[in-house]
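# Examining the three-dimensional arrangement
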Amino acid sequence: MKRRTFISLLGGAVATWPLAARAQRMPIIGYLNAGSSDSQSANLAVFRQGLADAGYVEGQNVAIEYRWSRDQPDRLPALAAELVGRKVTVLYAVSNAAAYAAKAATSTIPIVFLSGGDPVEIGLVASLNRPGGNATGVTLFLNELAGKRLELLRETVPNVAVIAFMVNPTNPRAKVNTSEFQAAARLAGQEILLLNVSHESEFDAAFATLIQRRAGALLVDGDILFSDQRDRLVKLAAHHHVPASYQVRESAVAGGLMSYGPSLSDGHRQAGLYVGRILKGERPEDLPVMRPTKFELVINLKAAKALGLDIPATVIARADEVIE
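Residues numbered from 1 in each chain as written. Predicted model: local features only at pLDDT ≥ 70, side-chain atom pairs only at ≥ 80, totals over all residues. Heavy atoms only, no water.

Running from N to C, helix H3 (residues 76-85) and helix H4 (residues 96-105) cross one another at 50°; their axes reach a closest spacing of 8 Å. Put simply, H3 runs oblique to H4. Helix-helix and strand crossings are classified by hand; for H3 and H4 the assignment is right-handed. Seen from H3, the contacting residues are Leu76, Pro77, Ala80, Ala81 and Val84; seen from H4, they are Ala97, Ala98, Ala101, Ala102 and Ala105. In the contact of H3 with H4, the residues fall into 10 nonpolar, no polar and no charged. (Axes fitted to C-alpha atoms, helices over the stretch in contact; angles between N-to-C directions. Helix = DSSP H or I, 4+ residues; strand = E, 2+ residues; numbered from the N terminus. Parallel < 35°, antiparallel > 145°, perpendicular 65-115°, else oblique. Left-handed = near helix turned anticlockwise from the far one by under 90°. Contact = heavy atoms within 4.5 Å. Nonpolar A, V, L, I, M, F, W, Y, C, P; charged D, E, K, R; others polar.)

Taken as a whole and judged by the stated rule, the model has 17 salt bridges. A salt bridge links Glu65 to Arg86; the shortest N-O distance between them is 2.6 Å. Of this pair, Glu65 sits in strand E2 (residues 63-68) while Arg86 sits in the loop between H3 and strand E3 (90-94), and the two are 21 residues apart along the sequence. Among the residues examined, Arg86 registers a relative accessible area of 37% and is labelled partly exposed. Across the pair Glu151 and Lys148 runs a salt bridge whose closest N-O atoms are separated by 3.7 Å. Here Lys148 and Glu151 lie together in helix H5 (residues 146-156), a separation of 3 residues that amounts to about one turn. For Glu151, a relative accessible area of 38% corresponds to the partly exposed category. On the basis of relative accessibility, which here comes to 31%, the residue Lys148 falls in the partly exposed class. Among the charged side chains, a network of salt bridges with common partners joins Glu65, Arg67, Glu82 and Arg86. (Salt bridge = Lys/Arg side-chain N within 4 Å of Asp/Glu carboxyl O. Buried < 20%, exposed > 50% of the residue type's maximum accessible area, 1.4 Å probe, protein only.)

A separate point is helix H11 (residues 264-279). Count 3.6 residues to each turn of an α-helix, and residues three or four apart come out pointing the same way. Taking 1.5 Å as the rise per residue, H11 with 16 residues should run 22 Å; its terminal C-alpha atoms sit 23 Å apart, in good agreement. Along H11, the residues classified as buried are Leu264, Gly267, His268, Gln270, Ala271, Gly272, Tyr274, Val275, Gly276, Ile278 and Leu279. Of the residues one or two after H11, Gly281 is the one with positive phi, at around 120°. (Expected span 1.5 Å × (residues − 1).)

Bear in mind that shape data such as this cannot, by itself, settle questions of function.
Pasting the structure below:
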């Protein structure tokens, strides 16, 4: 072999080797969650199922780096920066605040989010059909249901003078959510009480205010804090004999009176599928933000009995699931 040919072949090998090495490197998913691992195990399981459906199994052909802010949203920017520093292949951000932190941390690493509100309105994407940039994901539109949820709660617990609305003021959509609920209450002629809760340590004081102000029912806003602390919220509502409505089925299953909204677990599964598609080479900007197609009403008759409530037949008839 001539010396020039040998050098040419060697140069080609040197040029292509780093690419081959990168191709063989196991991709890493940066998992950023505003909640805590002990209360999110079921959601994590369906996320992994979505990944598996897309052909990726943790520990076999994909690795996952986990970061949990444990209901402390101020920790999310630093946690997102840690994941970016780890050079993860894709970020999965669970909650509006986590998605904001991920977007602020990187403009190049692909991001898949699970958002409770309108991602266009809160600045995560340019549009639902054409997200643009490096982010796409799943929106549950949890916060677009204020009027419907208030209507169902008033029908379930009629003649209640005051209904409390629990909201997390640190949620990027808190002001919008509150305004939508206030507008729905005005249309219904319903007096309301706003309860701002941004940390689990504030739950007891919030319920004390609710009792002092004689609120006869509670509507809980969609937020990762309330989802993460669902068991405690349900127990407090039961202890104080307060009929409460939640946004996700899991809260009704945990003992809450009722819930109305899309499937949270299905949202995590869909997000897992999107992460898998990005790992296979698709770009976030080409993947439309997925939206729920069905909203479910769940009634817990056991909880109703404990509260001394007779659920109207009209509400039972409209329920997609009745827990007895």
